[in-house]
Amino acid sequence: MIGLISATAAGAAARDRLAAAWPERTRVYEGPVGDAVRAAFGECEQLVCFLATGAVVRLVAPLLGDKASDPGVVCVDEGGRFAVSLVGGHGGGANELAREVGELLGAEPVVTTATDSVGLAGLDTLGLPVEGDVAAVSRALLDGEPVALRAESAWPLPALPVAADGSYTIHVTDRAVQPAAREVVLRPPSLVVGVGASRGAPADEVLALIEGALREAGLSPRSIAELATVDAKAGEPGIVAAAEHLGVPLITHSAERLAAVAVPNPSDAPLAAVGTPSVAEASALISGGELLVPKRKSAMATCAVVRRPARGRLAVVGLGPGARDLLTPRAEAELRRASVLVGLDQYVDQIRDLLRPGTRILQSGLGAEEERARTAVAEARKGHAVALIGSGDAGVYAMASPALAEASDDIDVVGVPGVTAALAAGAILGAPLGHDHVSISLSDLHTPWEVIERRVRAAAEADIVVTFYNPRSRGRDWQLPKALAILAEHRAPTTPVGVVRNASRPDESSRLTTLAALDPATVDMMTVVTVGNTATREIAGRMVTPRGYRWQQEEAR
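Residues numbered from 1 in each chain as written. Predicted model: local features only at pLDDT ≥ 70, side-chain atom pairs only at ≥ 80, totals over all residues. Heavy atoms only, no water.

### Overview of the state of the cysteines
1) Next: Taken as a whole, this structure holds 0 disulfides when the rule is applied.
2) Next: Its sulfur unpaired, C49 is 5.5 Å from the next cysteine sulfur, which belongs to C75.
3) Next: Relative accessible area serves as the criterion here: at 0%, C49 is assigned to the buried category.
4) Next: Judged by its relative accessible area of 1%, C75 falls in the buried class. (Disulfide = S-S within 2.5 Å. Buried < 20%, exposed > 50% of the residue type's maximum accessible area, 1.4 Å probe, protein only.)

### A closer look at the sheet that holds strand β20 (residues 412–416)
1) Next: One open sheet accounts for 5 strands, arranged β18-β17-β19-β16-β20; its pairing is parallel. The outermost strands of the open sheet, each flanked by one partner alone, are β18 (360–364) and β20. The mean inter-strand angle of the sheet, taken between neighbouring strand axes irrespective of direction, is 15 degrees.
2) Next: Examined bridge by bridge, strand β17 (residues 340–344) and strand β19 (residues 385–390) share 3 bridges and lie parallel to one another. Opposite V342, over in β19, you have L388 as the bridge partner.
3) Next: Strands β16 (313–318), β17, β19 and β20 of the sheet are contacted by helix α12 (residues 329–337), whose axis makes an angle of about 140 degrees with β16. (Pairing = 2+ DSSP bridges. Helix = DSSP H or I, 4+ residues; strand = E, 2+ residues; numbered from the N terminus. Axes fitted to C-alpha atoms, helices over the stretch in contact; angles between N-to-C directions. Contact = heavy atoms within 4.5 Å.)

### Describing the packing of aromatic side chains
1) Next: Following the criterion strictly, the structure yields 2 aromatic pairs and no others.
2) Next: Taken together, a centroid distance of 5.0 Å and an interplanar angle of 70 degrees make the contact between W449 and W478 edge-to-face. One end of the pair, W449, is in helix α17 (residues 449–461); the other, W478, is in the loop between β23 (465–469) and α18 (479–488), and 29 residues separate them in sequence.
3) Next: Residue classification places W449 among the buried residues on the basis of a relative accessible area of 10%.
4) Next: Cation over ring: R25 sits above W22, and NZ or CZ is 4.4 Å from the ring centre. (Phe/Tyr/Trp six-rings, centres within 6.5 Å; stacked < 30°, edge-to-face > 60°. Lys NZ or Arg CZ within 6 Å of the ring centre and 35° of its normal.)

### A word on helix α1 (residues 9–21)
1) Next: With 13 residues, α1 should reach 18 Å at 1.5 Å per residue; the first-to-last C-alpha distance of 18 Å fits that figure.
2) Next: Turning to α1, its buried residues number three or more, namely G11, A12, A14, R15, L18 and A19. The arc that holds the buried residues of α1, viewed along the axis, is 165 degrees, so those residues lie on one side. Across α1 from its buried face, at more than 90 degrees, point the exposed residues A9 and A20.
3) Next: Against the buried residues of α1 lie β1 (2–6), β2 (26–28), β3 (46–50) and α4 (94–105). (Expected span 1.5 Å × (residues − 1). Arc of directions from axis to C-beta.)

### Here's the deal with the pairing of strand β5 (residues 82–87)
Walk down a regular strand and you will see the side chains alternate between the two sheet faces.
1) Next: Both strand β4 (residues 72–76) and β5 contribute to a ladder of 4 bridges, which runs antiparallel. Counterpart to C75 in the pairing with β5 is V84.
2) Next: Counting the residues in the hairpin turn of β4 and β5 gives 5 residues, including G80, whose phi is positive at 65 degrees.

### A short note on the sheet that holds strand β21 (residues 430–431)
1) Next: In spatial order, the strands read β21-β28-β27; together these 3 strands make up an open sheet with mixed pairing. Because the sheet does not close on itself, it has two edges, and the strands there are β21 and β27 (537–539).
2) Next: Examined bridge by bridge, β21 and strand β28 (residues 542–544) share 2 bridges and lie parallel to one another. Counted as the bridge partner of A431 is V544 from β28.

### Some remarks on the environment of T252
1) Next: The topology assignment puts T252 in strand β13 (residues 250–253).
2) Next: For the pair T252 and W478, spaced 226 residues apart in sequence, the C-alpha to C-alpha distance is 60 Å.
3) Next: When neighbours within four sequence positions are excluded, T252 is seen to be in contact with T229, V230, D231 and A234.
4) Next: A distance of 2.9 Å separates a polar atom in the side chain of T252 from a polar atom in the side chain of D231. (Polar contact = N/O pair within 3.5 Å; in protein donor to acceptor, adjacent residues only side chain to side chain.)

### Comments concerning the packing of α17 against α18
The relative placement of two packed helices comes down to the angle between their axes together with the axis-to-axis distance.
1) Next: Direction vectors running N to C along α17 and α18 enclose 30 degrees, while the axes themselves pass 9 Å from each other. By the angle between their directions, the pair α17 and α18 is classed as roughly parallel. Considering only the axes of α17 and α18, their crossing is right-handed. In this structure, α17 uses W449, E453, V456, R457 and A460 to contact α18, whose residues at the interface are Q479, K482, A483, I486 and L487.
2) Next: Considering only residue class, the contact of α17 with α18 consists of 6 nonpolar, 1 polar and 3 charged. (Parallel < 35°, antiparallel > 145°, perpendicular 65-115°, else oblique. Left-handed = near helix turned anticlockwise from the far one by under 90°. Nonpolar A, V, L, I, M, F, W, Y, C, P; charged D, E, K, R; others polar.)

### Structural notes on α17
1) Next: Compared with the 18 Å implied by 1.5 Å per residue over 13 residues, the 18 Å span of α17 between its first and last C-alpha is a close match.
2) Next: For α17, the set of buried residues is W449, V451, I452, E453, V456, A459 and A460.
3) Next: Looking at the buried residues of α17, the elements they touch are β22 (437–441), β23 and α18.
4) Next: At the C-terminal side of α17, D463 shows a positive phi close to 60 degrees.

### Concerning unusual backbone geometry
1) Next: One non-glycine residue, R182, lies in positive phi territory at about 60 degrees.
2) Next: We classify R182 as partly exposed; its relative accessible area is 42%.
3) Next: Despite not being glycine, N470 shows a phi value in the positive range, around 45 degrees.
4) Next: As for its placement among the helices and strands, N470 is situated in the loop between β23 and α18.

### Quick look at the side chain of E183
1) Next: By the element assignment, E183 lies in strand β10 (residues 183–186).
2) Next: A polar contact is formed between the side chain of E183 and the backbone nitrogen of A180, at a distance of 2.8 Å.
3) Next: Residues in contact with E183, not counting those within four places in the same chain, are E131, G132, D133, V137, R150, T169, H171 and Q178.

In structure tokens:
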């Protein structure tokens, strides 16, 4: 919950805007400001104070305890110009909250945390349990000192400017090791603990069995990703309580699925009780991986531990048509999350400034789409966090299709939508896509012309607005005239046609013409051509396709 505190009418107005936008996330604290801050500090995970920073400093100073548990505090000034992350930038989430508040109120987020200020990923913001000297290793990264990365298993971390060797270390391991001097240990969620239990097994016994198994195997309980068991034990109190104590989800599987898993230590007892010869080992092994701890037993419980393989992450990111303000926040977040970026060289140049220090860039020129897709998938299979970029929307004439054709279920794939060239051009022209519309690429490099022509003819006969991608190049100068001629068989010479070049970019140009007047020689590969249907009209210099056919009905009358 986010506590909201204000002292003036202007602050209350901004406060109420946040409360209206986030009704489920916020709570307004009325009354004297000091009392309100103290109450919110004790009851909420975060605070937004519409007060001067000096006043908030004096109010919260006596309340501060530990940065790992204190709430994050953001201050918004009287004029609503700045949202300042004051306390708990990382641990309390104040840095991200300042950005959210700034976006909602039109204020500038002010973040002074050193790593955030220079674009480094904070070691305590990676979503992994962290131990050791975070401050010293972070300072070494900021100062450009060599910091070595020792990853015992690959894990999809964001980019970090690490070296092969150094006097400081980031150690990624699920083993129960203590951080050395100048070392940070990150705990990946790599362990799956399979659990079985007799009815009424005490939670203390289940926990003691799990913790003992991990301790003897030299494994850290902070790397447990989940407890797993059979469906019949989904509500077993001792197992449920153990998962809650460890702070991990409890995953269940059907007895039928578990019975199909080959295990080293099957037993007749669970087969008779729940329908599978193994619960603990099968539940742990069903997700794949290496069995580190075979079945262990106590009086009423069993457990087994598997190290699951790291799953790389491939984000296929649409960058939009070119303008930075049409790049979505989700796309920006994925670019910051990636440790490896794969893309066309000219697209890499567009967003290079958004990448974190240490991002490995694999770029290539035009015509290497399938090679880039293979490279991105291969890097993800190595356990990296990969962003594969393309213009517009990643799924529209871009990189999602070749990447997903190459990928299998051994990696996680995330699609990040973007604003397409057709949408950007449509917004410039007016509202040409107000009714049914279709996009057709006139490039026959991957699609035979016979297929393209059949699609153009179908769109012409169906009276659908058509947006042509890849309309004309030096080596392909006859396809656009041919496509326009097909449309002209079904549409009047006065049908509006919009021509937009470099939509949303600094050298953007656009014009509105007609089907009869369009000169194909003025079109190139940077151009999008949108041909209206029989209802499309030019109104006040804009191209408009109505959502219905009222205009045609009125003309008929």
